[in-house]
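What follows is the residue order along each chain.
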Amino acid sequence: MNQADHGDANQYLERAVSLATRNVADGGGPFGALVVTKDGRVHEGVNRVTRDNDPTAHAEVVAIRTAAAAIRNFDLRGAVLYTSCEPCPLCLASALWARIDRVYYAADRYGAASAGFDDALFYDYFSGTRPELLPVSRGEVPASDAPFLAWGAHKSRKDY
């Protein structure tokens with residue numbers, strides 16, 4: 001990354017931190033994010049978990065949803081995600097599904113933990129060291145492949 005890119009990243013990170021701080025004053029969580037799409041447009045998101053009673057409404061997810069809706073495409077290749085704090089596993093997975101090119105963050109997970117937002121258990125779960133947190137089991141359903149067969153046969157599907 002050249003110096004100009006680094007300067008732009010810091011400006012966007014400062015904006016994400018400012019969004020997060022304002023969101024606290026507005027009754028939301030202390031997280032803010034921006035998605036800058038390849039056309040240069042900036043799409044904002046703030047944490048809306050408690051405001052919307054939506055456990056998936058993290059700032060990064062909200063920004064990704066906003067950007068995808070604005071460009072009318074779920075594929076955000078060429079976009080960059082800037083966030084006020086290190087993304088949790090949900091937000092990282094969302095960025096991966098959106099095909100975001102790169103992520104920059106300001107505060108780290110340890111700073112979030114000191115404020116009461118400790119994602120360490122989730123990281124432990126995904127590393128395989130805490131499977132008891134959420135047992136996941138496969139059920140034997142004879143037609144379990146029917147939706148995939150229908151998808152494969154659907155001529156006007158939009159692959160992702």
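Residues numbered from 1 in each chain as written. Predicted model: local features only at pLDDT ≥ 70, side-chain atom pairs only at ≥ 80, totals over all residues. Heavy atoms only, no water.

A. How the structure looks around the environment of A20. Its location among the elements puts A20 in helix α1 (residues 3–25). Given a relative accessible area of 5%, A20 falls into the buried group. With 26 residues separating them in the primary sequence, A20 and V46 have C-alpha atoms 6.4 Å apart. Not counting chain neighbours up to four residues away, the residues in contact with A20 comprise G29, P30, F31, G32 and S84. (Helix = DSSP H or I, 4+ residues; strand = E, 2+ residues; numbered from the N terminus. Buried < 20%, exposed > 50% of the residue type's maximum accessible area, 1.4 Å probe, protein only. Contact = heavy atoms within 4.5 Å.)

B. Representation of unusual backbone geometry in the model. Even without glycine at this site, N53 takes up a positive phi of about 50°. Mapped onto the secondary structure, N53 falls in the loop between α2 (49–52) and α3 (59–71). The class for N53 is exposed, based on a relative accessible area of 70%. Phi is positive for R72, close to 60°, though the residue is something other than glycine. Following the sequence through the fold, R72 ends up in the loop between α3 and β3 (80–85). The class for R72 is exposed, based on a relative accessible area of 75%.

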